[in-house]
Amino acid sequence: MTIRYTEDHEWISVDGDVATVGITTFAQGQLGDVVFVEVPEAGRALAKGKDAAVVESVKAASEVFAPVDGTVVEGNQAVVEDPSLVNSDPQGAGWFFKMTLANPAQLDGLMDQAAYDAFVEGQH
Amino acid sequence: MSTDSPILTTPLNALHRELGAKMVPFAGYDMPVQYPLGVLKEHLHTRERAGLFDVSHMGQVILRGDGVVDALEKLLPGDLKALKQGRVRYSFFTNDQGGILDDLMIANMGDHLFLVVNAACKAQDIAHLKAGLPGIEVEYLGDDRGLLALQGPVAATVLARFIPDVATMPFMSVVTTSLKGIPVSITRSGYTGEDGYEIGIAPDRTEEVARLLLAEPEVAAIGLGARDSLRLEAGLCLYGHDIDTTTTPVEGGLTWAISKRRREEGGYPGDAVVRRQLAEGATRYRVGIQPEGRAPAREHTEIQDASGQTVGEVTSGGFGPSANAPVAMGYVSAANAAVGTPLSLIVRGKALPAKVAALPFVPQRYYRG
């Protein structure tokens, strides 16, 4: 299983042909209490860097972008019903959607754990 | 206030940092938007117990001089002649078109009037007062004067531990007193819909008062994020968003703050416009908006009627933690302003169903004796 990160603080965990996408622990901390989540429908085509899902805190709405090109396999209905999962378990039960990868080579352009940790360090 | 001026700090800046606040620039000040508790829990804590807010960024002004009441009535529609000593009133400066320049609180302190105005408007308000009140002394208490708000159902219990008399202060009254020997001016008022107080303090004593109140077990520090969601649920206007120079008191639903005498006599900027709108109705009104789903509709969200016609715009919107639902306010055309009218909110290109809702979204719990 490979985990990669974007500069917009999404994580993508690849397991065989399917990847799971969510927002990082750092991102949920910056957002604060999540009160609303919108996830994409299965079958929707996603383009790298374009809107894929929505996450809203009490104060503000943010977009979740697709880390790579692909097609949605499943949106996580659990976070739609209980948005606080994004705060309590952002890199586990608080995932947003699963997708197939149209171009797995795009993963090479994303950050690994060490690079992302350094990136977050630089945000303070 | 120019944008290149250095950022101002309140007397509690160091305390906010010590408490772990996330600081943001707001109206020229470095202010706490939230503490580690987070906006949601800070909001709920205020509704259940008591929250302490640093609102020292707001402008505190003293007006003194012969004829100050008559003079100030020329700038705003508040009935200051009927404002007894020791009482506080909400009003707003108007322009010649009946638009609102700022909203404010006015306290009658006997030998002077005490005003609290919005942080973002204070420089302009002070200039407006100086120009509009010839012969009246306009004393700005300074960028670093302290103002704390203690809000919530146990605010009275907490503050009465220090000053027993505050427990029975009427809503919208003011006293000058001392808290552990520190001179303070206290009004029973606030911006959350809850019972509570606003406490004016000299800069060098503000942190001391804040620490005394925060040491009480029911009190938590609350940031600007929760202040906004609390006032939105309470149906209270945020200047520059829900009311501004393009909205009149009639459109904004604030005619309760204009007495019968002032409606009849006028004598404030824009009085003809207000009088006409009172008689004939306005073309649009500020209303509460209840989205039917879970998606919040934010400021500037387009509002459509049942036929898909644009009828207005959201001016404040978000998630109401106590309502446990999205809540919003906005302006809609008069034909769509009745409570229960179905509307659509255009959020990310989708029309989401909503209804005009009665304000406030949560019951106001002011002290009524």
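This is a predicted model, so every value here is computed, not measured.

Rules used throughout
- Residues numbered from 1 in each chain as written.
- Chains lettered and ligands numbered in written order.
- Predicted model: local features only at pLDDT ≥ 70, side-chain atom pairs only at ≥ 80, totals over all residues.
- Heavy atoms only, no water.
- Helix = DSSP H or I, 4+ residues; strand = E, 2+ residues; numbered from the N terminus.
- Rg over C-alpha atoms; globule rule 2.2 N^0.38 Å.
- Buried < 20%, exposed > 50% of the residue type's maximum accessible area, 1.4 Å probe, protein only.
- Contact = heavy atoms within 4.5 Å.
- Lys, Arg positive; Asp, Glu negative; His and termini not counted.
- Charge placed at Lys NZ, Arg CZ, Asp CG, Glu CD.
- Phe/Tyr/Trp six-rings, centres within 6.5 Å; stacked < 30°, edge-to-face > 60°.
- Disulfide = S-S within 2.5 Å.
- Pairing = 2+ DSSP bridges.
- Domains from an automatic or database assignment.
- Buried area = accessible area lost by both parts, 1.4 Å probe.
- Salt bridge = Lys/Arg side-chain N within 4 Å of Asp/Glu carboxyl O.
- Nonpolar A, V, L, I, M, F, W, Y, C, P; charged D, E, K, R; others polar.
- Polar contact = N/O pair within 3.5 Å; in protein donor to acceptor, adjacent residues only side chain to side chain.
- Core = buried A, V, L, I, M, F, W, Y, C linked by side-chain atoms within 4.5 Å.
- Axes fitted to C-alpha atoms, helices over the stretch in contact; angles between N-to-C directions.

**Observations regarding the overall build of chain A**
Turning to step 1, where the next piece is worked out: Per the secondary structure count, chain A includes four helices and nine strands.
Turning to step 2, where the next piece is worked out: For 124 residues, the compact-globule formula gives about 14 Å, and the C-alpha radius of gyration of chain A, at 13 Å, lands near that figure.
Turning to step 3, where the next piece is worked out: Projected onto the principal axes, the alpha-carbon positions of chain A cover approximately 35 × 35 × 25 Å.
Turning to step 4, where the next piece is worked out: Within chain A, buried positions represent 48% of all 124 residues.
Turning to step 5, where the next piece is worked out: Contacts spanning at least 24 positions in sequence make up 59% of the contacts within chain A whose residues lie at least 6 apart.
Turning to step 6, where the next piece is worked out: Each charge class in chain A was averaged separately, 6 positive and 20 negative side chains, and the resulting centres sit 5 Å apart.

**Comments concerning the packing of aromatic side chains**
Turning to step 1, where the next piece is worked out: Counted under the stated rule, the structure contains five aromatic pairs over all chains.
Turning to step 2, where the next piece is worked out: Judged by centre distance (6.3 Å) and plane angle (35°), the ring pair of Tyr116 of chain A and Phe119 of chain A falls under tilted. One end of the pair, Tyr116 of chain A, and the other, Phe119 of chain A, are both in helix α4 (residues 113-121), three residues apart, so they sit about a helical turn from each other.
Turning to step 3, where the next piece is worked out: Looking at Tyr116 of chain A, the relative accessible area reads 4%, which means it is buried.
Turning to step 4, where the next piece is worked out: Between the aromatic rings of Tyr90 of chain B and Trp256 of chain B, the centroid separation amounts to 5.4 Å while the plane-to-plane angle is 15°, which identifies the pairing as stacked.

**Some points on the state of the cysteines**
Residues and elements named next belong to chain B.
Turning to step 1, where the next piece is worked out: Inspection of every chain in the model, using the stated rule, returns zero disulfides over all chains.
Turning to step 2, where the next piece is worked out: Note on Cys121: no disulfide assigned, nearest cysteine sulfur contributed by Cys237 at a separation of 13 Å.
Turning to step 3, where the next piece is worked out: Judged by its relative accessible area of 5%, Cys121 is buried.

**Comments concerning the pairing of strand β8 (residues 70-75) of chain A**
Turning to step 1, where the next piece is worked out: As judged from the two bridges shared by strand β5 (residues 45-46) of chain A and β8 of chain A, these two strands associate in the antiparallel manner. In the sheet register, Ala45 of chain A faces β8 of chain A, and the bridge partner there is Thr71 of chain A.

**Remarks on the domain arrangement of chain B**
Interface size is often expressed as the accessible area that is lost when the parts come together.
Residues and elements named next belong to chain B.
Turning to step 1, where the next piece is worked out: According to the domain assignment, chain B contains domain 1 (13-56 + 144-233) and domain 2 (283-369).
Turning to step 2, where the next piece is worked out: Listed per partner, the contact involves 18 residues of domain 1 and 20 residues of domain 2.
Turning to step 3, where the next piece is worked out: It is Phe171, Leu232 and Glu233 that lose the most area in domain 1 upon contact with domain 2, and together they represent 45% of the buried surface on that side.
Turning to step 4, where the next piece is worked out: There are one salt bridge connecting domain 1 and domain 2.
Turning to step 5, where the next piece is worked out: Across the pair Arg365 and Glu194 runs a salt bridge, and its minimum N-O distance is 2.9 Å.
Turning to step 6, where the next piece is worked out: Split by residue class, the side of domain 1 that touches domain 2 holds eight nonpolar, four polar and six charged.

**Here we look at the interface of chain B and chain A**
Turning to step 1, where the next piece is worked out: Contacts between the two partners involve 17 residues from chain B, matched on the other side by 13 residues from chain A.
Turning to step 2, where the next piece is worked out: Interface area, chain B with chain A, both sides summed: about 1,200 Å², of which 50% is carbon and sulfur.
Turning to step 3, where the next piece is worked out: Its largest share of buried area at the contact with chain A, chain B owes to Arg298, Phe319 and Arg348 of chain B, together 42% of the area lost on that side.
Turning to step 4, where the next piece is worked out: Linking chain B with chain A are five salt bridges.
Turning to step 5, where the next piece is worked out: The residue Lys59 of chain A makes a salt bridge to Asp228 of chain B at a minimum N-O spacing of 3.4 Å.
Turning to step 6, where the next piece is worked out: Our enumeration of links across chain B and chain A arrives at eleven residue pairs in polar contact (both at pLDDT 80 or more).
Turning to step 7, where the next piece is worked out: If you list the elements that add at least two residues to the side of chain B that touches chain A, you get α2 (39-48), α7 (224-233) and β16 (310-320) of chain B.
Turning to step 8, where the next piece is worked out: Split by residue class, the side of chain B that touches chain A holds six nonpolar, four polar and seven charged.

**Observations concerning the nonpolar core**
Turning to step 1, where the next piece is worked out: The biggest cluster of nonpolar side chains holds 44 residues, and the ones touching the most others in it are Tyr90, Phe92, Ile243 and Leu254 of chain B.
Turning to step 2, where the next piece is worked out: The set of elements that each furnish at least two residues to this core consists of β4 (34-38) of chain A together with β5 (88-94), β6 (100-108), β7 (113-117), β9 (146-151), β13 (219-222) and α7 of chain B.
Turning to step 3, where the next piece is worked out: When residues of this core are sorted by domain, at least three fall in each of domain 1 (13-56 + 144-233) and domain 2 (283-369) of chain B.
Turning to step 4, where the next piece is worked out: Formed by 27 residues, the second largest nonpolar core is a distinct cluster that contains Ala19, Ile23, Val34 and Ala66 of chain A.

**Some thoughts on the pairing of strand β6 (residues 51-57) of chain A**
Residue and element names in this part refer to chain A.
Turning to step 1, where the next piece is worked out: Within β6, six of the seven residues are buried, which leaves it mostly tucked inside the rest of the structure.
Turning to step 2, where the next piece is worked out: Bridge count between β4 and β6: four bridges; the pairing is antiparallel. By the bridge assignment for β6, Val34 is matched with Ser57.
Turning to step 3, where the next piece is worked out: Across five bridges, β6 lies against strand β7 (residues 61-65) in antiparallel orientation. Looking at β7, one finds that Asp51 is bridged to Phe65.
Turning to step 4, where the next piece is worked out: What sits between the antiparallel neighbours β6 and β7 is a turn of three residues.

**Topic: the sheet that holds β9 of chain B**
All names here are of chain B.
Turning to step 1, where the next piece is worked out: An order of β10-β11-β12-β9-β3-β13 is seen for the six strands of this open sheet, with the pairing classed as mixed. On the outer flanks of this sheet lie β10 (174-179) and β13, each paired with one strand and no other. Each strand axis lies, on average, 30° off the axis of its neighbour in the sheet, ignoring direction.
Turning to step 2, where the next piece is worked out: Relative to β13, strand β3 (residues 50-54) is paired through four bridges, and the arrangement is parallel. Paired with Gly51 across the strands is Ala220, a residue of β13.
Turning to step 3, where the next piece is worked out: Taken strand by strand, α2 contacts β3, β9 and β13, and its axis lies near 135° from that of β13.
Turning to step 4, where the next piece is worked out: Contacting β3, β9, β10, β11 (182-187), β12 (196-201) and β13, helix α6 (residues 203-214) crosses the sheet at an angle of about 15° to β9.

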